[in-house]
Amino acid sequence: MYPLTPVVRDPFGVTEVLRSTYPDGLLQMAEWLNALGGFPLVLVLPLVFYLYFDQRRQMALVLAYLLASQSIVFVLKSFFGLPQSPEIYHVIDIIPEGDTNGFPSRAAAAATAVYIGTVYEVDTDKKRLWGAFAGFLILAISISRVVLGYHYVGDMIAGGVLGMLTVVVISHVSDGNPVYGFALALPFTVLAVPVSGNTQAIMAMGGALGGVMASLWVRNSDSDILKKIAQVAIGLL
C-alpha cells in the first residue's frame, strides 16, 4: 500500500530496534527532546539571537530557512500521503493539528534548518564545536520522535536531509541577503497552502511575505527608528 515502506522509511528494521531497546525510564527525557524540534520552541533560538544579539541579518536568514523547509515538508507530506506510525506505538499525544502524515519528518527538517542554519550563519570562532553540538541535538530529537512512536527512522533521515539542503541552497543563492532568503522561501510557502490546507502553512506564507517586506524596509530606510521597527517586526513574524 505504501511503496516507500519499509525500504526507505525503516531501513534494516532500525525503528523497531530503537523502540525495543530504549529504556522506559528515559521516556520523559525523550518528551523533552521532542519539544526542542517542535513549535514554538524551535523558534526560540533564532528569535533570541535576533532580538537580543547583534545577529539580525543572520537570524533573518535562519527564519527563511525554517519557513522554506517547513513548507516543502507540507508539500511532500501531501504528495506521498504516508501516515505516521500506527497509533498503537504512540507513547504520548503529540500529533499537530491537521498533520497526520509522517514522511518526511517536519520536526527533523525544522531542527536541522534552525540549529544547523544558526551555526552556519552566526559569527563565532567555534563553529566546529557548535556544529557538533547541533548535530548531536538533531540526532537526539530524531531518536526521540522514533521512540515516542510517531515516526520511522527513514522519516527523520529524510527530514534532516531536506532541512540541510534548504540551508545550503538558500544560503548560496541568497548570498547572505535576507530579502532574497525570504523571497526564495515565499513560493514554497504559497504552494504549501492549497496543497496541504494546513493553517501553519498559511502562517508560513504570511511570515515569508512579511519577511520580504520588512527586510526591504530595513535595507532601504534612512531612518534608524524605522529600521528598528522593521527589525522587531521580523523578529515577531
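First, a word on scope: everything that follows refers to the structure included in this document. (Residues numbered from 1 in each chain as written. Predicted model: local features only at pLDDT ≥ 70, side-chain atom pairs only at ≥ 80, totals over all residues. Heavy atoms only, no water.)

**Quick word on the packing of helix α5 (residues 106–121) against helix α7 (residues 153–174)**
Where α5 meets α7, the axes come as close as 7 Å, and the angle between the chain directions of the two elements is 35°. In terms of crossing hand, the pair formed by α5 and α7 is right-handed. Residues A108, A109, T112, A113, I116, G117, Y120 and E121 of α5 pack against M156, G159, G160, G163, M164, V167 and S171 of α7. Residues belonging to the contact of α5 with α7 are distributed by class as follows: 8 nonpolar, 6 polar and 1 charged. (Axes fitted to C-alpha atoms, helices over the stretch in contact; angles between N-to-C directions. Helix = DSSP H or I, 4+ residues; strand = E, 2+ residues; numbered from the N terminus. Left-handed = near helix turned anticlockwise from the far one by under 90°. Contact = heavy atoms within 4.5 Å. Nonpolar A, V, L, I, M, F, W, Y, C, P; charged D, E, K, R; others polar.)

**A short note on α7**
The first and last C-alpha atoms of α7 sit 32 Å apart over 22 residues, in line with the 32 Å expected at 1.5 Å per residue. D175 sits one or two residues past α7 and shows a positive phi near 55°. (Expected span 1.5 Å × (residues − 1).)

**Digging into the packing of aromatic side chains**
Under the counting rule described, the total for this entry stands at 3 aromatic pairs. The interplanar angle of 75° and the centroid separation of 5.1 Å between the aromatic rings of F79 and F80 together place this pair among those described as edge-to-face. Residue class for F79 comes out exposed when judged on its relative accessible area of 64%. (Phe/Tyr/Trp six-rings, centres within 6.5 Å; stacked < 30°, edge-to-face > 60°. Buried < 20%, exposed > 50% of the residue type's maximum accessible area, 1.4 Å probe, protein only.)

**Some remarks on the nonpolar core**
Among the nonpolar cores identified, the biggest contains 33 residues, and Y65, V114, Y115 and F182 are the most heavily contacted of them. Taken together, the elements giving at least two residues each to this core come down to α4 (56–80), α5, α6 (127–147), α7, α8 (178–196) and α9 (199–220). Here this core takes 10 residues from α4, the largest share from any one element. Setting aside chain neighbours within four positions, we find Y115 in contact with L36, L45, A134, L137, I138 and I141. (Core = buried A, V, L, I, M, F, W, Y, C linked by side-chain atoms within 4.5 Å.)

**Comments concerning unusual backbone geometry**
The linkage connecting F103 with the following residue, P104, adopts the cis geometry, with an omega of -5°. Backbone geometry places D175, a non-glycine residue, at a positive phi of 55°. Mapping D175 onto the fold places it in the loop between α7 and α8.

**What to know about the side chain of S215**
With respect to the helices and strands, S215 occurs in helix α9. Side-chain polar atoms of S215 contact the backbone oxygen of G211, separated by 2.7 Å. (Polar contact = N/O pair within 3.5 Å; in protein donor to acceptor, adjacent residues only side chain to side chain.)

**A short note on the environment of L186**
Looking at the element boundaries, L186 is found in helix α8. On a C-alpha basis, the gap between L186 and G206 in space is 8.8 Å, while along the polypeptide they are 20 residues apart.

**A short note on the environment of V161**
Tracing the backbone through its elements, the reader meets V161 in helix α7. The spatial distance from the C-alpha of V161 to the C-alpha of A108 is 8.6 Å, given a sequence separation of 53 residues.

**Here we look at the packing of α4 against α5**
Two elements in contact, α4 and α5, have axes separated by 9 Å at closest approach and are oriented at 160°. As judged from the angle between their axes, α4 and α5 are roughly antiparallel. Judged by the sense of rotation from one axis to the other, the crossing of α4 with α5 is right-handed. Seen from α4, the contacting residues are R57, Q58, M59, L61, V62, Y65, L66, S69, Q70, V73, F74 and K77; seen from α5, they are R106, A109, A110, A113, V114, G117, T118, Y120 and E121. A breakdown of the residues in the contact of α4 with α5 according to their chemical character gives 12 nonpolar, 5 polar and 4 charged. (Parallel < 35°, antiparallel > 145°, perpendicular 65-115°, else oblique.)

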